[in-house]
Amino acid sequence: MSITVIKNGVLIDGKGKGPQKGMSVVIEGNKIKQVTALNDLVIPEDADIIDAEGKYILPGFIDTHVHMAMEMGGLEETILTPFSYRFYKSIHYMRRTLNAGITSVRDAGFSDLGMKKAVEDGLAAGPRMQLSINPLTITGGHGDNWNRSGVDTTLQTYTGMPDAICDGVEEVRKTVRKMLRAGAEVIKVHATGGVSSPTDHPEYTQFSQEELEVMVEEAAYRKGIRVMAHAQGAEGIKNAVRAGIHSIEHGIYIDDEAIELMRENDTFLVPTLLAPVSVLESAEGENSMASYAIEKSKEVIEVHKESIAKAHRAGVKIAMGTDAGVFAHGTNLRELGLLCDAGMTPMEVLTATTKTAAECLGWEKEVGTIEEGKLADVIMTDVDPLAEIRELEESERIVMVMKDGKIQKNLIR
């Protein structure tokens with residue numbers, strides 16, 4: 001069994017405590033065998049040694065909200081690009097994500113079981129994936145991209161990607177079962193309208209309380225399956241939390257009542273602050289985004305930041321998630337600086353991107369912190385992330401990426 005020793009670096013272990021200098025990590029196979037001070041390190045024979053002097057050692061980062069099978073483009077591209085082409089493009093999206101130091105993701109829609117298997121079998125390099133398959137939505141809601149011109153730009157369905165538009169309790173129940181049959185490890189629902197949908201608004205409430213409860217009920221029949229909710233308007237957020245949904249995605253118009261409900265129910269909040277920011281940047285550049293998405297992004301961007309700041313001050317559990325796919329994959333870590341702008345400290349942000357994110361996925365026993373017995377997802381940076389967290393936005397500052405004990409990127413000279 002292969003042994004790798006990362007020695008003499010500054011360790012930020014993901015647990016929220018301060019950095020530890022002169023630390024070493026011993027990896028045996030795909031597991032962390034030992035975390036120790038340099039003075040106590042005994043290097044096994046035949047070990048591969050990585051000198052981490054002057055570098056920072058962290059757990060592999062986790063993005064709890066991505067779309068690995070897509071990258072938002074213009075209407076013409078959506079209509080004219082052959083269906084299978086996006087799978088070939090996703091190979092590059094996954095590699096860029098991994099190069100950014102993100103070793104695990106929760107896919108919030110449109111990646112199928114074949115993509116996950118391709119990564120697991122080594123056909124493509126990418127992060128460990130938790131799949132939702134296709135997000136449930138109502139007719140005319142977020143996720144139903146039927147345009148009033150009559151042109152439908154909703155992503156295609158196929159054997160591994162069942163149709164997700166459903167109305168009424170029994171349709172909802174059957175659709176959840178179809179997603180589970182297709183390999184969903186988490187159920188995704190659009191509990192409100194959204195920024196990028198053509199015929200609704202973020203504050204519009206979607207699905208009844210009973211429909212949301214059925215989703216949670218059906219998911220719970222499978223051990224460990226949870227529900228994540230795209231929820232931007234206050235009423236939709238509260239409906240989702242009352243229904244027992246595990247995590248609120250976006251949370252743009254969160255109010256005090258919603259915050260209290262989330263605290264009472266131990267609900268996670270996944271901010272995705274970067275999503276509306278990136279839409280506006282796209283408008284200033286190539287302008288490939290639809291005009292309705294641009295206008296709604298302008299409307300929500302400041303209130304979104306204020307809502308996340310308020311939730312953080314109240315003690316709501318925040319897990320880092322970005323909505324990558326709405327913008328370019330591999331630029332995910334821009335979210336970290338935005339979370340700091342919303343009042344989180346750099347250490348709180350790093351914990352949200354490691355330990356808390358792992359808890360959100362239900363993977364806290366395997367990943368999220370650097371400690372003995374966990375999977376060897378380890379990254380290294382050449383910059384102090386506590387002092388210069390925005391430097392991590394540049395992928396080259398992530399100088400080493402190890403996933404499952406295997407080095408995926410190494411820029412150390």
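Everything below is about the structure shown above.
The following refers to the structure shown. (Residues numbered from 1 in each chain as written. Predicted model: local features only at pLDDT ≥ 70, side-chain atom pairs only at ≥ 80, totals over all residues. Heavy atoms only, no water.)

**Observations concerning the overall build of the protein chain**
The test is simple: By definition, any uninterrupted DSSP run of H or I lasting at least four residues is a helix, any uninterrupted run of E lasting at least two residues is a strand, and each is numbered from the N terminus. Using C-alpha atoms as the atom set, the radius of gyration is obtained and then compared with a globule rule of 2.2 Å times the number of residues to the power 0.38. Only protein chains enter the accessibility calculation, which uses a 1.4 Å probe; a residue whose area is less than 20% of its type maximum is buried, one above 50% is exposed, and one in between is partly exposed. Only heavy atoms matter for contacts: two residues are in contact if any of them lie within 4.5 Å across the pair. Note on areas: Shrake-Rupley with a 1.4 Å probe; residue coverage comes only from the protein chains shown. Only four residue types enter the charge count: Lys and Arg as positive, Asp and Glu as negative, with His and the chain ends excluded. Where a charge lies is defined by one atom per residue type: Lys uses NZ, Arg uses CZ, Asp uses CG and Glu uses CD.
Each helix and strand counted, the protein chain has 12 helices and 16 strands in total. Here the protein chain has a C-alpha radius of gyration of 21 Å; the compact-globule value for 413 residues is 22 Å, and the two agree. Counting only C-alpha atoms and orienting by the principal axes, one finds that the protein chain spans roughly 65 × 45 × 45 Å. In the protein chain, which comprises 413 residues, the proportion classed as buried is 58%. Taking all contacts inside the protein chain whose residues are at least 6 apart in sequence as the whole, residues at least 24 apart take part in 70%. As presented, the protein chain carries roughly 16,700 Å² of accessible surface, and 48% of it is formed by carbon and sulfur atoms. Here the protein chain contributes 44 positively and 63 negatively charged side chains, and the mean placements of these two sets differ by 4 Å.

**Considering the packing of aromatic side chains**
Let me state the cut-off plainly: In summary, the pairing rule links any two rings of Phe, Tyr or Trp, Trp by its six-membered ring, whose centres are within 6.5 Å, and it sorts them by plane angle into stacked for under 30 degrees, edge-to-face for over 60 and tilted for everything else.
Inspection of the entire model under this criterion finds three aromatic pairs. Between Phe 83 and Phe 87 the ring centres are 5.7 Å apart and the planes differ by 85°, which places this aromatic pair in the edge-to-face class. With a relative accessible area of 31%, Phe 83 lands in the partly exposed category. A centroid spacing of 6.1 Å and a plane angle of 85° characterise the contact between Phe 87 and Tyr 158, whose relative ring orientation is edge-to-face. Taken together, the positions of Phe 87 in helix α2 (residues 85-99) and Tyr 158 in the loop between β8 (128-130) and α4 (169-181) put the pair 71 residues apart, joining distant regions of the chain.

**Points about the layout of surface pockets**
Over the atoms, a rolled probe matching the size of one water molecule traces out where space is still vacant. Put simply, the rule is: Residues are called lining when one of their atoms sits within 4 Å of a cavity or pocket point, these points coming from a 1 Å grid over the protein atoms alone, where a cavity is a set in which a 1.4 Å probe fits but cannot get out and a pocket is an open set with protein on both sides within 12 Å along at least five of seven lines. Grid points are joined across faces, edges and corners, and a volume is the space filled by probe spheres set on the points. Only Asp, Glu, Lys and Arg are considered charged in this grouping, and only Ala, Val, Leu, Ile, Met, Phe, Trp, Tyr, Cys and Pro are considered nonpolar; every other residue, Gly among them, is considered polar.
Considering only enclosed or pocket space, the second largest pocket measures out at about 340 Å³ in volume. Counting residues per element, the lining of the second largest pocket draws most heavily on helix α3 (residues 113-120), which supplies three residues. Taken together, the residues of the lining of the second largest pocket sort by class into seven nonpolar, three polar and seven charged.

**Some thoughts on the side chain of His 201**
Rules: Side-chain atoms alone can form a polar contact between residues adjacent in sequence; in general such a contact is a pair of N or O atoms within 3.5 Å, and within protein one must be able to donate a hydrogen while the other accepts it.
Mapped onto the elements, His 201 comes out in the loop between β9 (186-190) and α5 (209-220). A distance of 2.8 Å separates a polar atom in the side chain of His 201 from a polar atom in the side chain of Glu 299.

**What to know about the sheet that holds strand β7 (residues 102-107)**
The test is simple: When DSSP finds two or more bridges between two strands, those strands count as paired. Each axis is a line fitted through C-alpha atoms, taken for helices only over the stretch in contact, and angles between the N-to-C directions span 0 to 180 degrees.
The three strands lie next to each other as β6-β7-β8, forming an open sheet whose pairing is parallel. Of all the strands in the sheet, the pair left with one neighbour each is β6 (61-66) and β8. Between one strand axis and the next, the sheet turns by 20° as a mean value, whatever way the strands run. Taken together, the four bridges between β6 and β7 define a ladder with parallel strand orientation. Each bridged residue has a counterpart across the sheet, and for Val 66 the counterpart in β7 is Asp 107.

**Examining the nonpolar core**
Convention followed: Definition of nonpolar core: a set of buried residues of the types Ala, Val, Leu, Ile, Met, Phe, Trp, Tyr and Cys, connected through side-chain atoms within 4.5 Å.
By size, the foremost hydrophobic cluster in this structure holds 95 residues, and its most contacted members are Phe 61, Leu 136, Ile 187, Val 189, Phe 207 and Ile 248. Element by element, the count of residues in this core is highest for helix α9 (residues 291-314), at six residues. Discounting chain neighbours no more than four positions away, the residues touching Leu 136 are Ala 164, Cys 166, Val 172, Thr 175, Val 176, Met 179, Ile 187, Lys 188, Val 189, His 190, Phe 207 and Met 215.

**Concerning the packing of α4 against α5**
A pair of packed helices is captured by two measures, namely the crossing angle of their axes and the spacing between those axes. Here is the rule: For classification, angles of less than 35 degrees are called roughly parallel, those exceeding 145 degrees roughly antiparallel, those between 65 and 115 degrees roughly perpendicular, and all remaining angles oblique. By definition, turning the near helix anticlockwise from the far helix through less than a right angle yields a left-handed crossing, and turning it clockwise yields a right-handed one.
Between α4 and α5, the least distance of the axes is 9 Å, while the angle of their chain directions is 30°. Taken together, the axis directions place α4 and α5 in an arrangement best described as roughly parallel. Classified by chirality, the crossing of α5 by α4 is right-handed. Across the interface between the two elements, Val 169, Val 172, Arg 173, Val 176, Arg 177 and Leu 180 from α4 touch Glu 210, Glu 211, Val 214, Met 215, Glu 217, Glu 218 and Ala 219 from α5. The residue makeup of the contact of α4 with α5, split by class, is seven nonpolar, no polar and six charged.

**Brief notes about the pattern of salt bridges**
Keep this limit in mind: Every case where a carboxyl oxygen of Asp or Glu lies within 4 Å of a side-chain nitrogen of Lys or Arg is listed as a salt bridge.
Inspection of the entire model under this criterion finds 29 salt bridges. The partner of Asp 13 in a salt bridge is Lys 17, with the nearest N and O atoms 3.5 Å apart. Asp 13 sits in the buried class, given a relative accessible area of 3%. Among the ionic pairs, Glu 217 bridges to Arg 173, the shortest N-O distance being 3.1 Å.

**What about the pairing of strand β14 (residues 378-381)?**
Burial along β14 is two-sided: Val 378 and Met 380 and Ile 379 and Thr 381, pointing in opposite directions, are all buried. For strand β5 (residues 56-59) and β14, the ladder comprises four bridges, and the chain directions are antiparallel. Counterpart to Leu 58 in the pairing with β14 is Ile 379. Here four bridges tie β14 to strand β15 (residues 398-403), and the two strands are oriented antiparallel to one another.

**A look at helix α6 (residues 234-242)**
Burial analysis of α6 places seven of its nine residues in the buried class, which makes it a mostly covered element. Where α6 is concerned, the buried positions are Ala 234, Gly 236, Ile 237, Lys 238, Asn 239, Ala 240 and Val 241. Once α6 finishes, Gly 244 follows within two positions and takes phi at roughly 95°, a positive value.

**Section: the sheet that holds β9**
Read across the sheet, five strands follow the order β9-β10-β11-β12-β13 without closing on themselves; strand pairing throughout is parallel. Pairing within the sheet leaves two strands with one partner each, and these edge strands are β9 and β13 (317-318).

**A short note on a nonpolar patch on the surface**
Here is the rule: Here, patches come from residues exposed beyond 30% relative accessible area and free of salt bridges, joined within 9 Å for like charges and within 5 Å for nonpolar side chains (Val, Leu, Ile, Met, Phe, Trp, Tyr).
A cluster of nonpolar side chains, Ile 79, Leu 80 and Val 151, forms an exposed patch at the surface whose accessible area comes to about 270 Å². Along the chain, Ile 79 falls in helix α1 (residues 75-80).

**Remarks on helix α10 (residues 334-341)**
Of all eight residues making up α10, six are buried, and the element is well covered by its neighbours. When α10 is considered as a whole, its buried residues turn out to be Glu 335, Leu 336, Gly 337, Leu 338, Leu 339 and Cys 340.

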